[in-house]
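# Reading the structure
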Amino acid sequence: MRGSLMGTAVTLAAGALLTAAMTTASASPPDDSAAHTAAARPVLVDCMWQRDVRPTDFILACGDGNSRLMDLHWTKWNDGKASAEGVNWVNNCDPYCARGTFRSYPVTVKLDRPAEWKKEPGVQHFTRMTLTYKDARPDGFKQVMTYPLWD
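None of the values given here were measured: they were computed from a predicted structure.

### Section: the layout of surface pockets
Within this model, the largest pocket holds a volume of roughly 150 Å³. The wall of the largest pocket is formed by Leu60, Ala61, Ser67, Phe141, Tyr147, Pro148, Leu149 and Trp150. Here the residues of the lining of the largest pocket are counted per class, giving seven nonpolar, one polar and no charged.

Given below as structure tokens:
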């Protein structure tokens, strides 16, 4: 009986070790090169110094929020450029900003000139944004407006 009990214990221990080894191997994350590639692409840095990829909205006027991009639909986001269609909501500040009216202007957004982000070396971020207004545009704006993005 004692030999049978010892054999059962050895078999159970071997089974437990085999199960543990298989569980550990299957719990390891797969090598997802697509996720690695996406993580290495440039980011867009917002007013709060947070990085984002393909945001649906973005504040352009960080100090007062009187210009923001909304409803962004990204058609491209790669190592060198990004493009989106969306709406630029701009306060006309008439008679002054606190009493002004926000108006919407359809735009194409382009990001380019990626460079290393000073806050997080090793992370690339876009450093320039170009807005192209499709039809109407805010008073004093050109059809194409180019802005440097903060670092």
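Here the narrative resumes.
### Some thoughts on the side chain of Asn66
Inspection of the secondary structure puts Asn66 in the loop between β3 (58–59) and β4 (67–77). Here the side chain of Asn66 touches Asp64 through a polar contact of 2.8 Å, side chain to side chain. Separated by 2.9 Å, the side chains of Asn66 and Asn91 make a polar contact.

### Focus on the nonpolar core
Judged by nonpolar contacts, the single largest core of 20 residues is most densely connected at Phe58, Leu69, Trp74, Val109, Leu111 and Met129. Beyond its immediate stretch of four places on either side in the chain, Val109 contacts Leu69, Leu72, Trp74, Ala82, Ser83, Ala84, Met129, Thr130 and Leu131.

### Digging into the environment of Asp151
Checked against the element boundaries, Asp151 lands in the segment after β8 (144–148). For the pair Asp151 and Glu116, spaced 35 residues apart in sequence, the C-alpha to C-alpha distance is 8.8 Å. Polar side-chain contacts of Asp151 include one of 3.2 Å to the backbone nitrogen of Lys118. Within the structure, Asp151 has its side chain in polar contact with the side chain of His125 (distance 2.9 Å).

### Some words on the state of the cysteines
The tally for this structure, following the rule as stated, stands at two disulfides. Disulfide partner of Cys47: Cys62, at an S-S distance of 1.7 Å. Given an S-S torsion of about -80 degrees, the disulfide between Cys47 and Cys62 has left-handed geometry. Taken together, the residues Cys47 in the loop between β1 (44–45) and β2 (51–52) and Cys62 in the loop between β3 and β4 connect sequence positions 15 residues apart. On the accessibility criterion, Cys62 (37% relative accessible area) is partly exposed. Disulfide partner of Cys93: Cys97, at an S-S distance of 1.9 Å. Residues Cys93 and Cys97 are joined by a disulfide whose S-S torsion is about 95 degrees; by sign, that bridge is right-handed. Regarding the disulfides, the protein chain carries the connectivity 1-2, 3-4 under sequence-order numbering of its bonded cysteines.

Rules and cut-offs
Residues numbered from 1 in each chain as written. Predicted model: local features only at pLDDT ≥ 70, side-chain atom pairs only at ≥ 80, totals over all residues. Heavy atoms only, no water. 1 Å grid on protein atoms, 1.4 Å probe; cavity = no way out; pocket = protein on both sides within 12 Å on 5 of 7 lines; lining within 4 Å. Points joined across faces, edges and corners; volume = space filled by probe spheres on them. Nonpolar A, V, L, I, M, F, W, Y, C, P; charged D, E, K, R; others polar. Helix = DSSP H or I, 4+ residues; strand = E, 2+ residues; numbered from the N terminus. Polar contact = N/O pair within 3.5 Å; in protein donor to acceptor, adjacent residues only side chain to side chain. Core = buried A, V, L, I, M, F, W, Y, C linked by side-chain atoms within 4.5 Å. Buried < 20%, exposed > 50% of the residue type's maximum accessible area, 1.4 Å probe, protein only. Contact = heavy atoms within 4.5 Å. Disulfide = S-S within 2.5 Å.

Any link to function would need more than the numbers given here.
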